[in-house]
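# Geometric and topological summary
Spelled out, the chains give:
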Amino acid sequence: MSVSQAATLHHPAVEPAESPLTPESWGKLGMWVFLAGDAVGFGVLLASYGALRAGSADWPNPAHYLGIQLTALMTFLLICSSVTMVKALEALKREDLGRARMFLGLTVLGGALFLGMQVYEWTHNIHRGLLVFGNPWGATLFGTSFYVITGFHGLHVTGGVIYLSVVLALLARIQGFGRRFMITEIAGLYWHFVDLVWIMVFTFVYLL
Amino acid sequence: MASTVETHDEHATNYMAIFWWLAVLTVIELAVIFMPIAKLLIGIMLVALACSKAALVAMYFMHLRFETRTLGYIALTPALIGALLVFVLMPDLRGVGHKTADEKKIEAPAEH
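Residues numbered from 1 in each chain as written. Chains lettered and ligands numbered in written order. Predicted model: local features only at pLDDT ≥ 70, side-chain atom pairs only at ≥ 80, totals over all residues.

## Observations regarding the overall build of chain A
Where we set the bar: What counts as a helix is a DSSP run of H or I of at least four residues, what counts as a strand is a run of E of at least two, and both are numbered from the N terminus. In this scheme every C-beta is placed from the backbone, and a residue whose C-beta has 20 or more other C-beta atoms within 10 Å is buried, one with 12 or fewer is exposed, and one in between is partly exposed.
In terms of regular secondary structure, chain A is built from seven helices and zero strands. Listed by position from the N terminus, the elements making up chain A come as α-α-α-α-α-α-α. Referenced to the eigenvectors of the C-alpha coordinate spread, the extents of chain A come out at roughly 65 × 40 × 20 Å. A total of 208 residues make up chain A; the buried ones form 41% of that total.

Below, the structure is given as structure tokens:
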């Protein structure tokens, strides 16, 4: 018996053409495939960054010129928001809608705070002369790659904050804990991905 | 949908333990960059720490550990492509380095 057939037997309401990889939802599989594609995009950016840096004779040391303390705090904040995200899912599992909404709200707050810190970091760096087309410390592409990579990630965080806010609003309207759980789990996958990518960006762009 | 709830119940994860692991690994990362050791060793350690943290997030927060193996392969594919990209770009890096040095030699007399 195939996995999809087994899923159909266990869930009479499930369509026969259910996804064999994620029998509970096509949406979840769709999100995984989207994230895999998105991860390739980030992979290309980081690999290109590595190539540019290795090929440059005057690449500034990021740890000296970029604010490590602030970005370490931003990293910690995203990790915390990932925890509140899984806590929201845990609360939904216990059918505790109030706590689920509270934790989801905290996750949105964490994302918004992260964006606020990134705006502060960018403004501070621009005032110090780190621009897209040049900087006082060395290779021009240092600034270009910094803004492209952190900006692309920042766009993802912005999208995540909007996405989670919509889910937060939907939780009160949608009936049934199963459905609530699924839309929250799919949104959570996206949010954890944003956290995972930042872990790599923090290491490659700021620490190395 | 109910199956997901049941599946995750069966594999209850201690999320706070994962959180502390991630926090400790981040502190270690920050300590590593100030260690008086070879830059290459620092680089290797930082990449290993970042990969460990990413694996923790994917396995436990994204529940990849409890999903089907095929879904795991889908999730792993970008990492393999990323690693491949680094190897593909490696031969060019030497060329770029030499070119920069040559350019400096050529440009130097022109300035006089």
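## Focus on the overall build of chain B
Along its length, chain B carries four helices and zero strands. Overall, chain B shows an N-to-C arrangement of helices and strands of α-α-α-α. Counting only residues that meet the buried cut, chain B has 17% of its 112 residues in that class.

## Concerning the interface of chain A and chain B
Quite often, the size of an interface is put as the accessible area lost when its parts meet. Keep this limit in mind: Here, residue contact means that the backbone-derived C-beta atoms of the two residues sit within 7 Å.
On the side of chain B, 42 residues touch chain A, which itself brings 45 residues to the contact. At the level of elements, α2 (26–55), α4 (68–93) and α7 (177–207) of chain A are the ones that each hand at least two residues to the side of chain A that touches chain B.

## Brief notes about unusual backbone geometry
Notably, Glu95(A) is not glycine yet its phi reads approximately 60°, a positive angle. Inspection of the secondary structure assignment puts Glu95(A) in the loop between α4 and α5 (97–127). Its 11 C-beta neighbours within 10 Å are what place Glu95(A) among the exposed residues. In this structure, His63(B) is a non-glycine residue whose phi angle is positive, near 60°. Mapped onto the elements, His63(B) comes out in the loop between α3 (39–61) and α4 (69–111). For His63(B), a count of 22 C-beta atoms within 10 Å puts it in the buried group.

## A short note on α2(A)
This is how the line gets drawn: The length a helix should cover is 1.5 Å for every residue beyond the first.
Helix length check: α2(A), at 30 residues, gives a terminal C-alpha distance of 44 Å against a target of 44 Å (1.5 Å per residue), a fit within 8%. Those residues of α2(A) that sit buried are Lys28(A), Trp32(A), Leu35(A), Ala39(A), Phe42(A), Gly43(A), Leu45(A), Leu46(A), Ala47(A), Tyr49(A) and Gly55(A).

## A few points about the environment of Thr144(A)
Mapped onto the fold, Thr144(A) is located in helix α6 (residues 140–173). Through-space distance from the C-alpha of Thr144(A) to that of Leu106(A) is 33 Å; in sequence the pair is 38 residues apart.

## As for the nonpolar core
All names here are of chain A. Note the threshold: By convention the nonpolar core is taken to be a set of buried residues drawn from Ala, Val, Leu, Ile, Met, Phe, Trp, Tyr and Cys and joined through C-beta atoms within 7 Å.
By size, the foremost hydrophobic cluster in this structure holds 64 residues, and its most contacted members are Val 197 and Val 201. Top contributing element to this core by residue count: α7, with 19 residues. Look past the residues within four positions of Val 197 in its chain and what remains in contact with it is Phe 42, His 153 and His 156.

## Quick word on α7(A)
All names here are of chain A. What counts here: Note that the bend at a residue is defined as the angle between axes fitted to the seven residues ending at it and the seven residues starting at it.
For α7, with 31 residues, the first-to-last C-alpha span of 42 Å sits near the 45 Å given by 1.5 Å per residue. Remark: the principal bend of α7, roughly 25°, maps to Val 201. Within α7, 26 of the 31 residues are buried, leaving the element largely enclosed by the surrounding structure.

## So, the packing of α6(A) against α7(A)
Residue and element names in this part refer to chain A. Spelled out, the test is: For helices, the fitted axis covers only the stretch in contact; all axes are lines through C-alpha atoms, and the angles between them, taken along N-to-C directions, range from 0 to 180 degrees. Each angle gets one of four labels, with under 35 degrees taken as roughly parallel, over 145 as roughly antiparallel, 65 to 115 as roughly perpendicular, and the rest as oblique. Working rule for handedness: look at the near helix, and if it is turned counterclockwise from the far one by less than a right angle, call the crossing left-handed; if clockwise, right-handed. Under the scheme applied, nonpolar residues are Ala, Val, Leu, Ile, Met, Phe, Trp, Tyr, Cys and Pro; charged residues are Asp, Glu, Lys and Arg; polar residues are all the others, including Gly.
Contact geometry of α6 with α7 gives a least axis separation of 10 Å together with a crossing angle of 160°. Taken together, α6 and α7 sit at an angle that is classed as roughly antiparallel. Helix-helix and strand crossings are classified by hand; for α6 and α7 the assignment is left-handed. For the pair α6 and α7, the contacting residues are Phe 146, Ile 149, Thr 150, His 153, His 156, Val 157, Gly 160, Tyr 163, Leu 164, Val 167, Leu 170 and Leu 171 in the first and Arg 180, Ile 183, Thr 184, Ala 187, Tyr 190, Trp 191, Val 194, Val 197, Trp 198, Val 201 and Val 205 in the second. Class assignment for the residues of the contact of α6 with α7 results in 17 nonpolar, five polar and one charged.

## Observations concerning the confidence of the model for chain B
Residues and elements named next belong to chain B. Heads up, the rule is: Note: pLDDT gives the predictor's confidence per residue, expressed from 0 to 100.
Of all residues in chain B, 72% attain a pLDDT of 70 or more, and the chain-wide mean is 79. Here residues 1–7 is a poorly scored stretch, pLDDT under 50, and it has 18 contacts once near neighbours within four places are set aside; other chains count. What the predictor reports for the complex is a pTM of 0.84 with an ipTM of 0.85.

## Things to note about the environment of Gly154(A)
Residue and element names in this part refer to chain A. By the secondary structure assignment, Gly 154 is in helix α6. Taking C-alpha positions, Gly 154 is 11 Å from Trp 122, a pair spaced 32 residues apart along the chain. The residues contacting Gly 154, other than those within four sequence positions of it, are Leu 115 and Gln 118.

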